[in-house]
Amino acid sequence: MSVSQITTHILDTGSGRPAAGVAVVLSVRDGDNWRHVASGNTDADGRIKDLGPERVDGGSYRLNFATGPYYKAQGVDTFFPEVDLTFTVSDAGEHYHVPLLLSPFAFSTYRGS
């Protein structure tokens, strides 16, 4: 399996466990619109390593995380039915790991490695 240039990981900080089965969509800014690049679901480890191509052009990208269905399946109410993270790919040769730290009423992110 090849690793895509953009990867993600979700840690459910409320439970202290990876968030498995979360649908994620990767899009790229195309003028005034967003164009779909790839989609997938987090694995049992909360990761998606093959989200999109091995190389992408520079530009603005967005990860959309379907957090509402994840929490609904657990019987947990959440304030965030989805989370959008927008970021810039400035070096088309670098790997971009964009993790999401998630709880029902808060989230955080950072650029990982």
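Keep in mind it's a predicted model, so treat the numbers as computed, not measured.

> I'm lost on the pairing of strand 8 (residues 96–103) in this one. Help?
A regular strand places its side chains so that they alternate between the two faces of the sheet. Counting buried positions along strand 8 gives seven out of eight residues, so the element sits mostly inside the fold. The sheet contact formed by strand 8 and strand 9 (residues 106–109) spans four bridges and is antiparallel. When the sheet's bridge partners are listed, L102 is paired in strand 9 with F107. Adjacent in sequence and paired antiparallel, strand 8 and strand 9 are bridged by two residues.

> Please clarify how the UniProt feature "binding site: substrate" (unreviewed entry) in the protein chain should be interpreted in this entry.
Here the UniProt feature "binding site: substrate" (unreviewed entry) sits at H9, R47 and Y110. Of note, R47 is situated in strand 5 (residues 47–48). The residues touching R47, leaving out its near neighbours within four places in the chain, are T8, H9, N41, T42 and H97. The exposure class of Y110 is partly exposed, given its relative accessible area of 45%. The contact partners of Y110, leaving out residues within four places of it in the chain, are H97, V98, P99 and L101.

About the criteria used
- All residue numbers refer to position in the chain's written sequence, counted from 1.
- Where local features are concerned, this predicted model is filtered to residues with pLDDT of at least 70; where side-chain atom pairs are given and counted, the filter is 80 or more; whole-chain, interface and lining totals use all residues.
- Side-chain descriptors were evaluated using all non-hydrogen atoms of the structure, hydrogens and water having been removed beforehand.
- Burial here depends on accessible area, computed with a 1.4 Å probe over protein chains only, as a share of the maximum for the residue type. Under 20% is buried, over 50% is exposed, and the range in between is partly exposed.
- Where helices and strands are cited, they refer to DSSP runs of H or I of at least four residues and of E of at least two residues respectively, numbered from the N terminus.
- DSSP-based pairing: two strands are paired if at least 2 bridges between them are found.
- UniProt positions are given in the numbering used here, feature names are shortened, and annotations may be inferred rather than shown by experiment.
- We call two residues in contact whenever any of their non-hydrogen atoms come within 4.5 Å of each other.

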